[in-house]
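Coordinate inspection notes
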Amino acid sequence: MATKKKTDQDLQLDKDQLKASIVRHLRSTLGTSEQKASPEAWWKATAAAVNEQVYERLTRTQQTHFKKDTRAIHYLSAEFLMGRLTSNNLHNLSLYKICEEALGELGLELTDLCEQEPDMALGNGGLGRLAACFIDSLATLNYPAVGYGIHYEHGLFRQEIQDGRQIERPDSWREYGNPWEICRPESVQEIPLYGYVETVFGDKGGLKKVWHAGRKIKGVPWDIPVVGFGGHTVNILRLWESRASEFFDWDVFNAGGYIDSQAEKAQAETISKVLYPNDETDAGKELRLIQQYFFCACSIKDIMRRYKRVHGADFRNFAAQIAIQLNDTHPTVAIPELMRVLVDEEDLHWDAAWAICYQVFSYTNHTLLPEALEKWSVSLFEKVLPRHLEIIYEINARFLNELVEPKWPGNDAIKAKLSIIEEGDVRKVRMGNLCVIGSSKVNGVAEIHSKLVKEDLFPEYAELWPEKMCNVTNGVTPRRWLLACNPELAALYNEVVGKEWPLQLDKLRSVTKFADDKAFQQQFMTIKRHNKEKLVKVIKAETGIDVSAEAIFDVQIKRLHEYKRQQLNLIHIMALYRRLLANPDYDMHPRVFIFGSKAAPGYKLAKDIIYAINKLAERVNNDARIQGKLKVVFMPNYRVSLAEKLIPAADVSEQISTAGYEASGTGNMKMALNGAITIGTLDGANIEIAEEAGAENCAIFGLNVDEVKSLKARGYNPYDFYYANSELKAVLDWFDTDYFTPGRPGELASIKRSLLEGGDPYLTLADFASYSEAHKLIDTWYRDPALWAKKAIINSATMGKFNSDRSIQDYVDRIWKLKSCNVG
Ligand code: GL2
């Protein structure tokens, strides 16, 4: 008998039903009782109750997509920085309030239970968080989509601070089970590695390549349901876990090699064991290449399986049905892998296979930093993926002969530059080049960045394929980054513009008409004040530092990197401190500088900067002479769930990268959306933020991209700035003393050294004076409460463009050509 399809209405729970369901799960799923249950058990029972809703909708979505045979986007990313899912899922299912009440009747606080959830930190920073926002938007806009990534057992390390220094501790997000993931043994894949390639006669005559793998690894999929806002579409994020393949274990095991079989198992499991903690750098390690191949190969097999279920081995519809987005160069190996599957396994002619690949793949570039454009040594490739190397050579030869030679006849320099293979002592495979050659579209992530990708990074490719290069400015999901993290402001916006803004963030623009309204200003600033008061408690609990919500909360939260210039912020705080010491009546509104940042474990200078911030904090926070006018806080273990507390409380958003280096930034969008004023350079999305909010509502400072380029071309000498600015000189000289590290002079000297002898590659000293002026402006603005409130309101109200739904719609229109699919 056909069961009647359930509508959203049929599915919607009321408070009593949800309460009953939570209690039922507490007893039957968690095996405990109301009397004995720990907060963790209550959290899991709540998640299980919510999952009843999620699974119904997931099944319905999958059935609909299957029935309609929809074209889908497959978003391949080595990182998905999901954070916590409980509050997000409740909001997206319109169950948050109901759940709050249901738990209230059980004597529990929903916000407390949400704190039980470990962050799913399967990413390093902006790139991984962007992927998480994008899959939220894809589901919200009802687009058929699958996220594919790696089921890391350990996500980004947990940061502890000991005597000011970063210590890395393993992150075990699923040690005690995670209620949001579902294991799918029925979709396990097997992945070959190593071995050799044999040329044989094929069935159809002609030669054929056969890859004899040296090892096989099992890929076990774990699905995380991705609930769209409104709860109509529930897509999946499929994360692959590596396991030893039984086929090999048993041979060794039966031959008496129990220990060896265990070693093999351990090795196989190592592949998805940990996330590489490097942000924007290429580790160049064998394991990393294997990780990349592992998840790409599993994903391509999965895509094939699903396609063949409907179309069999007829690949004429493949490119019409399948779009694959490469999130940075990390999944590039998916291109030769799809070629391998089509040519070697499905017996397609090379040209037919290439035509498919070219249409299917698109690539997003997220950075211009040369160290982030991955290169793998040819010899490593040959060892791990021998057949792929052959395919890459073939792609390269055809590209150079058929496209480069006719366009630039006899020009070996251009050939060498555009080749996928870099010649030299160690020959290398350039993944960026392979991405551009194998993709129909290449996009940057903010207007300025896309322009630089086209003009500076890949100019010849842009000449070859002018239509290929495009821009999609990043965005953030307003559900997590306003509705869920800033409930008071969300409620105010509901009142003033109605409840559609979480889907249509542009609606907030009408709030600008209240920017001068005294009563509205007061409401807005009262909410900011409440958020700051909440943060005051978190700061006290996490660091023991007392700060006052009266002060300006000035926030820099992002990975630690020289180009992001935490060191500029640091030396400016030191300058303020000097001014206060020289003149205790120095006229400034009290300021709390808040940092949150992890450094890559091997990045020595970044770690030194963290140490310096903490040592400065110790000194400044305990110096009675400055009467609490200056405080410095380093919040340990910066992560998504901490960002959700910091962002609503920020008055000032520090976006101070060297112009031309921050591809986009997304924290800049989140803070402005929550009413912070940006102090920033004309870099990445800051430029577009200032366009939307009006330059007069941001504190823009420093050299722009062209000025950075021309200063570098002229020959930048940081000593010019050091000697010309006595305050700057005094601050830098301070690093050589033991003022901040009593009895241990020189402990902070590496920072000064990098800024002088090191040549200051990120032009920190060149921008110092202008940065200091911009801070004075911020101070003046803040002391005029009406002026500040107006600017803060305008910032928040004009961030509609930075909704990740808009980014996704741009991807759909410019790249993916998808149709939305109504579910339910
Ligand atoms: C980054 C960029 O640095 C950052 O500016 C951008 O916002 C994000 C998302 O596009 O991508 N590139 C990169 O490698 N990481 C980023 O955060 N890790």
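Residues numbered from 1 in each chain as written. Predicted model: local features only at pLDDT ≥ 70, side-chain atom pairs only at ≥ 80, totals over all residues. Heavy atoms only, no water.

**Some words on the sheet that holds strand S21 (residues 591-596)**
The strands that make up a sheet are held in pairs by hydrogen bonds between backbone atoms, and each pair lies either parallel or antiparallel. An order of S22-S21-S20-S23-S24-S25 is seen for the six strands of this open sheet, with the pairing classed as parallel. Across the chains shown, the open sheet's two edge strands, defined by having one partner strand only, are strand S22 (630-635) and strand S25 (699-700). Both strand S23 (residues 652-655) and strand S24 (residues 677-680) contribute to a ladder of four bridges, which runs parallel. Among the inter-strand pairings, Glu-654 is bridged to a residue of S24, identified as Ile-679. Across the face of the sheet, helix H32 (residues 764-782) comes into contact with strand S20 (552-557), S21, S23, S24 and S25 while running at roughly 165 degrees to S24. (Pairing = 2+ DSSP bridges. Helix = DSSP H or I, 4+ residues; strand = E, 2+ residues; numbered from the N terminus. Contact = heavy atoms within 4.5 Å. Axes fitted to C-alpha atoms, helices over the stretch in contact; angles between N-to-C directions.)

**Remarks on unusual backbone geometry**
At Asp-69, a residue that is not glycine, the phi angle is positive and equals roughly 45 degrees. Tracing the chain through its elements places Asp-69 in the loop between helix H3 (39-68) and strand S1 (72-76). One non-glycine residue, Lys-817, lies in the positive phi region at around 50 degrees. Within the secondary structure, Lys-817 sits in the segment after helix H34 (804-816). Since its relative accessible area comes to 55%, Lys-817 is described here as exposed. (Buried < 20%, exposed > 50% of the residue type's maximum accessible area, 1.4 Å probe, protein only.)

**Notes on the state of the cysteines**
Under the definition given, this model contains zero disulfides. Free of any disulfide, Cys-99 has its nearest cysteine sulfur in Cys-114, 7.7 Å distant. For Cys-99, a relative accessible area of 0% corresponds to the buried category. With no disulfide of its own, Cys-698 lies closest to Cys-485 among cysteine sulfurs, the gap being 19 Å. You can call Cys-698 buried: its relative accessible area is 5%. (Disulfide = S-S within 2.5 Å.)

**Topic: the environment of Ala-643**
Note that Ala-643 resides in helix H25 (residues 640-646). Accessibility expressed as a relative area gives 2% for Ala-643, which makes it buried. Considered as a pair, Ala-643 and Lys-670 are 27 residues apart in the sequence and their alpha carbons are 9.5 Å apart.

**Here we look at helix H24 (residues 604-621)**
In this model, H24 (18 residues) spans 26 Å end to end at C-alpha, consistent with the 26 Å of a helix rising 1.5 Å per residue. A large share of H24 lies buried, amounting to 15 of its 18 residues. (Expected span 1.5 Å × (residues − 1).)

**A closer look at the site of the ligand**
Taken together, 13 residues are adjacent to the ligand, and Asp-279, Glu-280, His-366, Glu-662 and Gly-665 come closest. With respect to the ligand, the backbone of Leu-127 contributes an N or O atom lying 3.1 Å from an oxygen atom. Between the ligand and Asn-474, the relevant distance is 2.9 Å, taken from an oxygen atom to a side-chain nitrogen or oxygen of the residue. Protein chains bury 96% of the 390 Å² of accessible surface belonging to the ligand in isolation. For the shell around the ligand, the residue count by class is five nonpolar, five polar and three charged. (Near = heavy atom within 4 Å. Polar contact = N/O pair within 3.5 Å; in protein donor to acceptor, adjacent residues only side chain to side chain. Areas by Shrake-Rupley, 256 points an atom, 1.4 Å probe, with all protein chains shown as cover. Nonpolar A, V, L, I, M, F, W, Y, C, P; charged D, E, K, R; others polar.)

**Topic: the pattern of salt bridges**
The full count for this structure, using the stated rule, is 70 salt bridges. For Glu-269, the salt bridge goes to Lys-265, with nearest N and O atoms at 3.4 Å. Placement of both Glu-269 and Lys-265 in helix H9 (residues 258-270) is noted, with a separation of four residues, approximately one turn of the helix. When the shortest N-O distance is used, the salt bridge between Asp-805 and Arg-479 registers 2.8 Å. Of this pair, Asp-805 sits in helix H34 while Arg-479 sits in helix H20 (residues 478-484); the two residues are 326 residues apart in sequence, bridging distant segments of the chain. (Salt bridge = Lys/Arg side-chain N within 4 Å of Asp/Glu carboxyl O.)

**Focus on the nonpolar core**
One recurring pattern in soluble globular proteins: nonpolar side chains tend to sit buried together. Counting residues in each nonpolar core, the largest one holds 271 residues, and the members touching the most others are Phe-318, Phe-361, Phe-381, Ile-594, Leu-630 and Trp-816. Here the element with the most residues in this core is helix H10 (residues 286-311); it accounts for 12 residues. (Core = buried A, V, L, I, M, F, W, Y, C linked by side-chain atoms within 4.5 Å.)

**Let's talk about the packing of H10 against helix H12 (residues 334-345)**
Put simply, H10 and H12 touch, their axes get as near as 9 Å, and they point 45 degrees apart. Comparing the axis directions of H10 and H12 gives the class oblique. Crossing angle aside, the handedness with which H10 passes H12 is right-handed. Counted together, Tyr-293, Cys-296, Ala-297, Ile-300 and Met-304 of H10 and Ala-334, Glu-337, Leu-338, Arg-340, Val-341 and Leu-342 of H12 form the full contact between these two elements. When the residues that make up the contact of H10 with H12 are grouped by side-chain class, the tally is nine nonpolar, no polar and two charged. (Parallel < 35°, antiparallel > 145°, perpendicular 65-115°, else oblique. Left-handed = near helix turned anticlockwise from the far one by under 90°.)

**Concerning helix H27 (residues 686-693)**
Those residues of H27 lying buried are Asn-686, Glu-688, Ile-689, Ala-690 and Ala-693. Where H27 is buried, its residues touch helix H18 (447-457), S23, helix H26 (667-673), S24, S25 and helix H33 (785-797).

**Considering the environment of Val-496**
Within the secondary structure, Val-496 is located in helix H21 (residues 487-497). Residues in contact with Val-496, not counting those within four places in the same chain, are Val-511, Phe-514 and Phe-520.

**Here's the deal with the sheet that holds strand S16 (residues 421-422)**
As summarised here, the arrangement of the three strands in space is S15-S17-S16, forming an open sheet in which the pairing is antiparallel. A strand with exactly one partner marks an edge of an open sheet, and here the two such strands are strand S15 (375-377) and S16. With two bridges joining them, S16 and strand S17 (residues 428-430) adopt antiparallel strand pairing. Bridged to Glu-422 within S17 is Lys-428. Contacting S15 and S17, helix H17 (residues 431-438) crosses the sheet at an angle of about 45 degrees to S17.

**As for the packing of aromatic side chains**
Here the distance between the centres and the angle between the planes together describe a pair of aromatic rings. Enumeration over the complete set of coordinates arrives at 30 aromatic pairs. Their ring planes at 15 degrees and their centres at 5.8 Å tell us that Tyr-307 and Phe-315 sit as a pair that is stacked. A relative accessible area of 3% places Tyr-307 in the buried class. When the centroid spacing of 6.5 Å and the interplanar angle of 45 degrees are considered together, the rings of Trp-354 and Tyr-358 count as tilted. Here the residue Trp-354 and the residue Tyr-358 both occupy positions in helix H13 (residues 350-360), the gap between them amounting to four residues, near one helical turn. On the accessibility criterion, Tyr-358 (23% relative accessible area) is partly exposed. Each member of the aromatic cluster is reached from another via a ring pair, and the members are Tyr-75, Phe-80, Phe-134, Tyr-811 and Trp-816. Sitting above the plane of the Tyr-611 ring, Arg-165 keeps its charged end 3.7 Å from the centroid. The ring centre of Trp-781 lies 4.2 Å from the NZ or CZ of Lys-791, which sits over that ring. (Phe/Tyr/Trp six-rings, centres within 6.5 Å; stacked < 30°, edge-to-face > 60°. Lys NZ or Arg CZ within 6 Å of the ring centre and 35° of its normal.)

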